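# Results of the structural survey
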Amino acid sequence: MTPYSLRRLQLATQLDSDSVAIIIGNTEQIRNLNISYPFRQDNDFYYLTGFNEPYCVCVIRPGHDTPYIMFARDSDSHQEVQFGSRAGLNGLETNHGVNRAIDINEFKEKIVGLFEKRHKLFISDNHGQYHDQLGLWLTARQPEHAFDSVKVYREIHQLSPLIAQMRVIKDEHELNLIKQAAHASVQGHIAVMQASAPDVNERVLSATFNRTISDYGCDSVGYGNIVASGNNGICLHYEDNNQPCKAGDMVLTDLGGEYQHYTADISRTFPVNGKFTDAQAALYQVVLDALDASIALVKPGAKWNTLFEANQRVLAQGLLDLGILKGDIEEILASEAQREFTVHKTGHWMGLHVHDVGSYQAPNSNEWTTLEPNMVFTIEPGIYIPANCDKVDAKWRGIAIRIEDDILVTEDGYINLTKQAPRTIAEIETCMSSDKLI
Ligand code: GLY
Ligand code: MN
Ligand code: MN
């Protein structure tokens, strides 16, 4: 069995023999005329098939003697010379464990017949390609049966929530890939720190990351690179990455390599010239303490919200101690006054998608999710003080700091998958004063 066939089986056991699961793969997206963006498979589809070609639909019929059907493009030597090889219909059946492969051009004619007399359709169609049409095709087929005894009324359900429940707990295969992504990304962050110097452009640091993760087997990044020097870091998703880094500023980097479809998500913030000023160090230490306060709480049974609350308390207390906030700590937390400078929530599931699927609330309740072994998520507190924030002392202005690690829940605690990317002030200054990878 492959990881994918195991997952299909696991999904099938949650459905029943009156059900059909339909998972729609991604299509190519046009960039300009006959040039497409690099193809990226739909995550639900990839999770259940491991198949990376565009224009596919996977059909799973629990309990059927041919349960696994794939609609796909057939071989086409002319197209394959131009755009790359395809498995082809025979190849899918011979090499990919598919029970029956059907040309995607026959999808409209063949799909309804595959349902046989099953009533419940569970559909994952994350980009809404077929959802409306399927309903129409079902309706169009009804008159054929209108006067006989096999007229079948069908319910359409969302499949993605069921797959999300599976995806939030990573299996061994996934954990290995996430660890590879984390390792490559750690090396990328080290290389970026060591390439930083006054007047180096943000785009050069961004390219340094891409170059390094490719040495460690990543084909891509999991999201747009963020290399934000100085006040650019105030924009949480700054992706212009085209300004020269200035001596005396910090650089906020948020960079994650993708390894065989699984991403890492790491933020580090460091001084352009490798040496923290007193003000930068003071704010940085608050953010690092906040991150470590959250990480220390990670273990099975902990509630998701306690991690966020722990780092907000440390951030608020730190801002108070530095005179950036004023007042009483409990009143600040009650009114969330710290959010003016801490801005965002501080974590999310991570896996096939950087903001991976999975609920933050327990099913059918207002309770927060309880952590379980093999969940993977980020923790990423930050402090952001805009350059034009004249209500704080001038020395704090234009400083944006985010520190983000990727955490795996284990049986009795956690592993910080990204702690090798320099994160303490001493580790960063040492790394940036060295020409060698540490
Ligand atoms: N890189 C996006 C995030 O940290 O959520
Ligand atoms: Mn993140
Ligand atoms: Mn990030």
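We now turn to the structure provided with this report. The model shown is predicted, which means the values in this text are computed figures rather than measured ones.

### A closer look at the pairing of strand β18 (residues 405–409)
The element β18 is largely enclosed, with a buried count of five among its five residues. Taken together, the four bridges between strand β15 (residues 376–379) and β18 define a ladder with antiparallel strand orientation. Bridged to Ile-379 within β18 is Asp-405. With three bridges joining them, β18 and strand β19 (residues 414–416) adopt antiparallel strand pairing. Its bridge partner lying in β19, Leu-408 is registered against Ile-415. Two successive antiparallel strands, β18 and β19, enclose a turn made up of four residues.

### Side note on the coordination of the manganese ion (ligand 2)
Protein coordination at the manganese ion (ligand 2) comes from Asp-265 (OD), His-348 (NE2), Glu-380 (OE) and Glu-404 (OE), with a distance range of 2.0 to 2.2 Å. For the manganese ion (ligand 2), the six donor atoms in the first shell make angles of 51 to 156° at the metal, so the coordination geometry reads as irregular. Site description for the manganese ion (ligand 2): donor spacing in sequence, D-x82-H-x31-E-x23-E. Here the manganese ion (ligand 2) and the manganese ion (ligand 3) are spaced 3.2 Å apart, linked through Asp-265, which binds each one. Here His-348, found in the loop between α13 (339–342) and β15, pairs with Glu-404, found in the loop between β17 (399–402) and β18; they are 56 residues apart in sequence, far enough to count as distant.

### Quick notes on the nonpolar core
Among the nonpolar cores identified, the biggest contains 102 residues, and Leu-11, Met-70, Leu-371 and Phe-377 are the most heavily contacted of them. When neighbours within four sequence positions are excluded, Leu-371 is seen to be in contact with Val-298, Lys-299, Pro-300, Gly-301, Ala-302, Trp-304, Leu-307, Trp-349, Phe-377 and Val-409. Counting 20 residues, the second largest nonpolar core, distinct from the first, contains Ile-22, Ile-69, Phe-107 and Leu-114.

### What to know about the layout of surface pockets
Empty pockets left among the atoms are what a rolling probe the size of a water molecule brings to light. Looking at the largest pocket, its volume works out to about 690 Å³. Considering the residues around the largest pocket, the lining is formed by 34 residues, among which Val-221, Gly-222, Tyr-223, Gly-224 and Val-354 are closest to the centre. For the lining of the largest pocket, the secondary-structure elements that each account for two or more residues are α2 (43–49) and β9 (220–221). Broken down by class, the residue content of the lining of the largest pocket amounts to 10 nonpolar, 14 polar and 10 charged.

### Describing the sheet that holds strand β1 (residues 19–24)
Here we have six strands laid out as an open sheet, ordered β6-β5-β4-β1-β7-β8, and mixed in their pairing. Bordering the open sheet on either side are β6 (100–103) and β8 (155–158), each of which pairs with just one other strand. On average, each strand axis in the sheet is tilted by 20° relative to the strand beside it, whichever way the strands run. Sheet analysis places strand β5 (residues 68–72) next to β6, joined by four bridges and oriented parallel. In the sheet register, Met-70 faces β6, and the bridge partner there is Ala-101. Taken strand by strand, helix α5 (residues 107–114) contacts β4 (57–60), β5 and β6, and its axis lies near 170° from that of β5.

### Section: the site of ligand 1
Taken together, Tyr-223, Asp-254, Asp-265, His-348, His-355, Glu-380 and Glu-404 make up the full set of residues adjacent to ligand 1. Within the side chain of His-355, an N or O atom sits 2.6 Å from an oxygen atom of ligand 1. Interatomic distance of 3.0 Å between a side-chain N/O atom of Glu-380 and an oxygen atom of ligand 1. Coverage of ligand 1 by the protein amounts to 92% of the 190 Å² it exposes when considered alone. Judged by the proximity of its atoms to the pocket grid, ligand 1 belongs to the largest pocket.

Calculation notes
Residues numbered from 1 in each chain as written. Chains lettered and ligands numbered in written order. Predicted model: local features only at pLDDT ≥ 70, side-chain atom pairs only at ≥ 80, totals over all residues. Heavy atoms only, no water. Buried < 20%, exposed > 50% of the residue type's maximum accessible area, 1.4 Å probe, protein only. Helix = DSSP H or I, 4+ residues; strand = E, 2+ residues; numbered from the N terminus. Pairing = 2+ DSSP bridges. Donors = N, O, S within 2.8 Å, 3.2 Å for Na, K, Ca; no water. Tetrahedral: all angles 85-135°; square planar, octahedral: opposite > 155°, others 65-115°. Core = buried A, V, L, I, M, F, W, Y, C linked by side-chain atoms within 4.5 Å. Contact = heavy atoms within 4.5 Å. 1 Å grid on protein atoms, 1.4 Å probe; cavity = no way out; pocket = protein on both sides within 12 Å on 5 of 7 lines; lining within 4 Å. Points joined across faces, edges and corners; volume = space filled by probe spheres on them. Nonpolar A, V, L, I, M, F, W, Y, C, P; charged D, E, K, R; others polar. Axes fitted to C-alpha atoms, helices over the stretch in contact; angles between N-to-C directions. Near = heavy atom within 4 Å. Polar contact = N/O pair within 3.5 Å; in protein donor to acceptor, adjacent residues only side chain to side chain. Areas by Shrake-Rupley, 256 points an atom, 1.4 Å probe, with all protein chains shown as cover. Sits in = over half its atoms within 2 Å of the grid points.

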